[in-house]
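# Descriptive structure summary
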Amino acid sequence: MALPLTLPGMARFSRHIILLKDLFPFTFVVILWLIHLTQAFFETSFSDYSLYPRSISGLVGIITAPLLHGDFSHLIGNSLPLIVLGLLLFSNYKEIAGKVFWLVYVSNGILLWLFAREAFHLGASGVVYGLAFFLFFSGFIRKIPRLTMVSFLLIFIYGSMVWGVLPFDPKVSWEAHLYGAFSGIILAFLLRKQGPQPIRHWEDEEEAEGESAAAPLTDEEKMLLNPEQQKEFEVKVNYEFKEKE
C-alpha cells in the first residue's frame, strides 16, 4: 500500500514555517533583547564573547558579537533598522533572504576578525549595514521596478548611513559598518542571478528580432546597385502556353 504524499496537518505546518520565516526579523530582534535583558537582570556581562581581532579567543565573536550590545541605546539604535531592513529583505527576496542574512552575518564577522583594529567589537550594526547595502545595490542591478523603488526608499530613510563607514568616532566600530557594507555590495553582485529576476515579454523579443532584420531597399536604392546586385531583385515571370486541342 502506497503511503500518502501528504500527512494530516502537513499543509498547516508548512504555512507556520513560512510565517516564521517571514517574521524572522522580529524573532532575531527579540533574541537580542532577551540577551541584553538577561545581562541587566542578573547584573552580569557577556562582553567576554565580543569579537577581538586576530586572537583565538576572539574567534567566537564572529557568531556571538552581533548578539551583544553595550547599552540599551546601542540596542535600540539597531533594533528598528534590523526590523525594517529585514522585512524588506524577506518580503522582496523570499528565495534567498535567509542566505543573504547569514552570509552578511558571518562574512562581516570574518572580515572584522581579520582586518579590524585591536579592540573589542560588538553589536549588530555590521549586519544592518550589510542588509542596507545589499538591498540598495541589488535593486539597481536587477532592474526590477519594485526593487528599484526599495533602493530609492533606502536613500530617503537611511541615506545618512554612508557616513558611518568613516572613522569619525573612535568609540564606534566603523570597521563593522565598512565591512558590512562591503559584504552587502559583493553579495548583491554574486547573487544577482538568484532570487527575483526581471520578466521578459514576448513583445520585447519580437521587437528585437524586427530591429535586427534588414529593412527592404527602396526603388531609388536599387537603381544605385551594379548589374550583378540588381539581378537579385529581378522578378522573373514564367509563362506556360498550352495548345488548344
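Check the entry above for the structure.
For the structure given in this document, a descriptive report is provided here. Note that this is a predicted model, so its numbers are computed, not measured.

## Details of the packing of aromatic side chains
The full count for this structure, using the stated rule, is 19 aromatic pairs. With a centroid separation of 6.3 Å and an interplanar angle of 35 degrees, the aromatic rings of Phe101 and Tyr105 are classed as tilted. Placement of the pair is Phe101 and Tyr105 together in helix H5 (residues 97–115), with a separation of four residues, close to one helical turn. Each member of the pair Phe101 and Tyr105 is classed as buried. Centre to centre, the rings of Tyr129 and Phe133 are 6.3 Å apart; their planes meet at 15 degrees, and the pair counts as stacked. In this pair, Tyr129 and Phe133 are both assigned in helix H6 (residues 125–142), four residues apart and thus about one turn of the helix distant. Among the residues examined, Tyr129 registers a relative accessible area of 8% and is labelled buried. By relative accessible area, Phe133 is classed as buried at 17%.

## A short note on a nonpolar patch on the surface
Residues Ile63, Val106, Ile110, Leu114 and Phe115 make up a contiguous nonpolar surface patch of about 430 Å² in total accessible area. Per element, the largest residue contribution to the nonpolar patch is four residues, and it comes from H5. Mapping Ile63 onto the fold places it in helix H3 (residues 61–64).

## So, the packing of helix H2 (residues 24–41) against helix H4 (residues 72–92)
Two elements in contact, H2 and H4, have axes separated by 8 Å at closest approach and are oriented at 165 degrees. One finds that H2 runs roughly antiparallel with respect to H4. Our pair here, H2 against H4, has a crossing hand that is right-handed. Of the residues in H4, those in contact with Phe24, Pro25, Phe26, Phe28, Val29, Leu32, Trp33, His36, Leu37 and Ala40 of H2 are Phe72, Leu75, Ile76, Ser79, Leu82, Ile83, Gly86, Leu87 and Phe90.

## Focus: the pattern of salt bridges
Applying the stated criterion across every chain yields a total of one salt bridge. For Arg117, the salt bridge goes to Glu175, with nearest N and O atoms at 2.7 Å. With Arg117 in the loop between H5 and H6 and Glu175 in helix H8 (residues 174–190), this residue pair connects regions lying 58 residues apart in the sequence. Exposure remark for Glu175: the relative accessible area of 2% places this residue in the buried category.

## As for helix H7 (residues 145–158)
Between the first and last C-alpha of H7 there are 20 Å, a value that for 14 residues agrees with the 20 Å anticipated at 1.5 Å per step. Where H7 is buried, its residues touch H4 and H6.

## Comments concerning unusual backbone geometry
For Glu43, which is not glycine, the phi torsion reads 50 degrees and is therefore positive. Its location among the elements puts Glu43 in the loop between H2 and H3. For Arg54, which is not glycine, the phi torsion reads 60 degrees and is therefore positive.

## Considering the layout of surface pockets
Its volume calculated, the largest pocket comes out at about 460 Å³. Lining the largest pocket are 22 residues, and of these His74, Ser125, Val172, Ser173 and His177 lie nearest its centre. For the lining of the largest pocket, the secondary-structure elements that each account for two or more residues are H4 and H6. Per element, the largest residue contribution to the lining of the largest pocket is five residues, and it comes from H4. Roughly 180 Å³ of volume is contained in the second largest pocket. Lining of the second largest pocket is provided by Ala132, Phe133, Phe136, Phe137, Leu154, Ile155, Tyr158, Gly159, Met161 and Val162. Those elements that place two or more of their residues in the lining of the second largest pocket are H6 and H7. Counting residues per element, the lining of the second largest pocket draws most heavily on H6, which supplies four residues. A class-by-class count of the residues in the lining of the second largest pocket yields nine nonpolar, one polar and no charged.

Scoring rules and cut-offs
Residue numbers run consecutively from 1 along every chain, following the written order of its sequence. Two thresholds apply to this predicted model, a pLDDT of at least 70 for residue-level local features and 80 or more for giving and counting side-chain atom pairs, whereas whole-chain, interface and lining totals are computed over all residues. To obtain the side-chain values, all non-hydrogen atoms of the structure were used and water was disregarded. Here a Phe, Tyr or Trp ring, Trp counted by its six-membered ring, pairs with any other such ring whose centre lies within 6.5 Å, and the pair is stacked when the planes are under 30 degrees apart, edge-to-face when over 60, and tilted otherwise. Only runs of H or I of at least four residues qualify as helices and only runs of E of at least two qualify as strands under DSSP, and these elements are numbered from the N terminus. To sort residues, take the accessible area from a 1.4 Å probe on protein chains only and compare it with the maximum for the residue type: under 20% means buried, over 50% means exposed, and anything in between is partly exposed. Put simply, a patch holds well-exposed residues, over 30% relative accessible area, that have no salt bridge, with like charges counted together within 9 Å and Val, Leu, Ile, Met, Phe, Trp or Tyr side chains within 5 Å. Computed with the Shrake-Rupley method and a 1.4 Å probe, the accessible areas treat only the protein chains shown as cover for residues. Whenever a carboxyl oxygen of Asp or Glu lies within 4 Å of a side-chain nitrogen of Lys or Arg, that contact is scored as a salt bridge. Lines are fitted to the C-alpha atoms to define the axes, a helix being fitted only along its stretch in contact, and any angle between axes, read from their N-to-C directions, falls within 0 to 180 degrees. Should an angle fall under 35 degrees it is called roughly parallel, over 145 degrees roughly antiparallel, and 65 to 115 degrees roughly perpendicular, with every other angle called oblique. A clockwise turn of the near helix away from the far one marks a right-handed crossing, whereas an anticlockwise turn of less than a right angle marks a left-handed crossing. Throughout, a contact is declared for two residues whenever any of their heavy atoms are within 4.5 Å. Multiply 1.5 Å by the residue count of a helix minus one, and that product is the helix's expected span. Grid spacing is 1 Å over the protein atoms alone, the probe is 1.4 Å, and a cavity is where that probe fits but cannot get out, while a pocket is an open set with protein on both sides within 12 Å along at least five of seven lines and lining residues have an atom within 4 Å of a point. Grid points are joined across faces, edges and corners, and a volume is the space filled by probe spheres set on the points. When residues are sorted by character, Ala, Val, Leu, Ile, Met, Phe, Trp, Tyr, Cys and Pro go into the nonpolar class, Asp, Glu, Lys and Arg into the charged class, and all the rest, Gly among them, into the polar class.

In short, the description is geometric, and any link to function would need to be established separately.
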